[in-house]
Amino acid sequence: MTSATPGPATATATAAAPTAAAATAASAAAAAEATATAAAAAATERTGRLSPLIRLGRPKFLFHSLLALCAGTELAVHAGARPDTALLALVLAFGCCAHLMTYYCNDYFDLEADRANPAPTAWSGGSRVLTDRAVTPTAALGTAFVLLLVSVVLLTLLPTPGTRLLAAGFLLLAWFYTAPPLRLNYRAAGELACALSLHGLLPLLACLAQLGGIPATAWACVGALAAFQYLQLLVLNLADLHGDLRVGKITVAGVLGPRRTVRLYAAGQALTYTALAAAGLTGVIPVWTTVLLLATLPLPWAAARAMRTGDLTTPTTTAATLQLPLASAAVLLGCTLTTWDGRITIWLVVKALALAAFAAWWRLSRRRPPARGR
């Protein structure tokens, strides 16, 4: 038998087969790469859109509500309550959600004043997200309404009429801080509204939820926290004064003017710290809590000295603002040192995590250059 020899056409087809396979593989690889690139670009675009929306809510301010709620809970434990973990989670969720809502609402209704502000700091003058047009005002208001709805749902889950009443009071004061028709911060009432709600009603809510009542120690500590909040807002509103006056926004700083506002700030701090010392000496506030609260005095002292020279830049507003979470932390830690029996509990872990998160954030923020906006 004679074996067949491949002809030229057969040889050409055999040689072309690997080339076609290689081309198909290359096309598939290119298509996969293009798909991956498009997916990455879409993810980057989504992240790019989400990041300004998150910044609009100014998450760094959540340490105020987190530590205030923890302080209120610890005041209940100091009075003899055994913390209910599920109830604690509910109260924390309500407080942080409602607090976050405030900033989206505030930036929307305060937009004209923020646009008129010539010198925003890291803590005053709004988030600057809306003024920079990174997010539309409609998106800010829509987010505020969503958070308000979630807060109302969480409010209905609170255990007693008293806790629901305090929560409702917080929502009303927070929403109408800048929203019409009340616009409290446009009628020289915003400072009081914020002090009563954030460092007043929230820690009282946390205490009442766990204890079923509010003892004298809690009233004294929360009163000091609310006073510090009122005084801190004098500093922030003084920093915003020129822009506020341009749009007819009347704050306490606008009513008093710079000199008298600085005097009120210094006198208010002196009076509050004197009252704290007296409460500590009479045993109304535990010794450890009193000592730690008094240890925050250098911050408002530095702020007052800077304000007297007309310095209302970021270092001044930072000193005035940092007093608040540190004071809440002082109440939390002081009461813990007074009552801790050496046992490791879920509540102890929660407290430690809250304090550690705040300390880590502050350490990292000090390494970064200050950002514009609050």
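Computed from a predicted structure; not experimentally measured.

What counts and how
- Residues numbered from 1 in each chain as written.
- Predicted model: local features only at pLDDT ≥ 70, side-chain atom pairs only at ≥ 80, totals over all residues.
- Heavy atoms only, no water.
- Helix = DSSP H or I, 4+ residues; strand = E, 2+ residues; numbered from the N terminus.
- Buried < 20%, exposed > 50% of the residue type's maximum accessible area, 1.4 Å probe, protein only.
- Polar contact = N/O pair within 3.5 Å; in protein donor to acceptor, adjacent residues only side chain to side chain.
- Contact = heavy atoms within 4.5 Å.
- Patch = residues over 30% accessible without salt bridge, like charges linked within 9 Å, V, L, I, M, F, W, Y side chains within 5 Å.
- Areas by Shrake-Rupley, 256 points an atom, 1.4 Å probe, with all protein chains shown as cover.
- Salt bridge = Lys/Arg side-chain N within 4 Å of Asp/Glu carboxyl O.
- Core = buried A, V, L, I, M, F, W, Y, C linked by side-chain atoms within 4.5 Å.
- Arc of directions from axis to C-beta.

### Notes on the side chain of Asp244
And then number 1: Of note, Asp244 is situated in helix α9 (residues 241-246).
And then number 2: Exposure remark for Asp244: the relative accessible area of 2% places this residue in the buried category.

### Points about the side chain of Lys351
And then number 1: By the element assignment, Lys351 lies in helix α15 (residues 346-367).
And then number 2: With a relative accessible area of 7%, Lys351 lands in the buried category.
And then number 3: Here Glu74 takes part through its side chain, which lies 2.9 Å from a polar atom of the side chain of Lys351.
And then number 4: Among residues more than four places away in sequence, those in contact with Lys351 are Glu74, Leu332 and Thr336.

### Topic: a nonpolar patch on the surface
And then number 1: Together, Trp340, Ile344, Val349 and Leu353 line one region of the surface with nonpolar side chains, adding up to about 440 Å² of accessible area.
And then number 2: In this structure, Leu353 sits in helix α15.

### Here's the deal with the pattern of salt bridges
And then number 1: Enumeration according to the criterion identifies 6 salt bridges in this entry.
And then number 2: Across the salt bridge formed by Asp107 and Arg58, the nearest N and O atoms sit 2.5 Å from each other. Of the two residues, Asp107 is situated in helix α3 (residues 85-109) and Arg58 in the loop between α1 (8-56) and α2 (62-78); the sequence distance between them amounts to 49 residues.
And then number 3: Here Asp107 falls in the buried class, since its relative accessible area comes to 2%.
And then number 4: Because the salt bridges share partners, they merge into one network encompassing Asp110, Asp244 and Lys249.

### Focus on the nonpolar core
Taken as a class, soluble globular proteins show a tendency for nonpolar side chains to be buried jointly.
And then number 1: The biggest cluster of nonpolar side chains holds 97 residues, and the ones touching the most others in it are Val91, Phe94, Phe170, Leu171, Trp175, Leu205 and Tyr265.
And then number 2: The element contributing the most residues to this core is α3, with 14 residues.
And then number 3: In this view, Tyr265 contacts Leu231, Gln232, Leu234, Val235, Pro300, Ala303, Ala304, Met307, Ala320 and Gln323; residues no more than four positions away in its chain are not counted.

### Description of helix α13 (residues 298-308)
And then number 1: Residues Leu299, Pro300, Ala303, Ala304, Ala306 and Met307 constitute the buried set of α13. One face of α13 carries all of its buried residues, which in axial projection span an arc of 165°. Opposite the packed face of α13, turned more than 90 degrees from it, sit the exposed residues Pro298, Trp301, Arg305 and Arg308.
And then number 2: Once α13 ends, the next one or two residues include Gly310, with phi positive near 85°.

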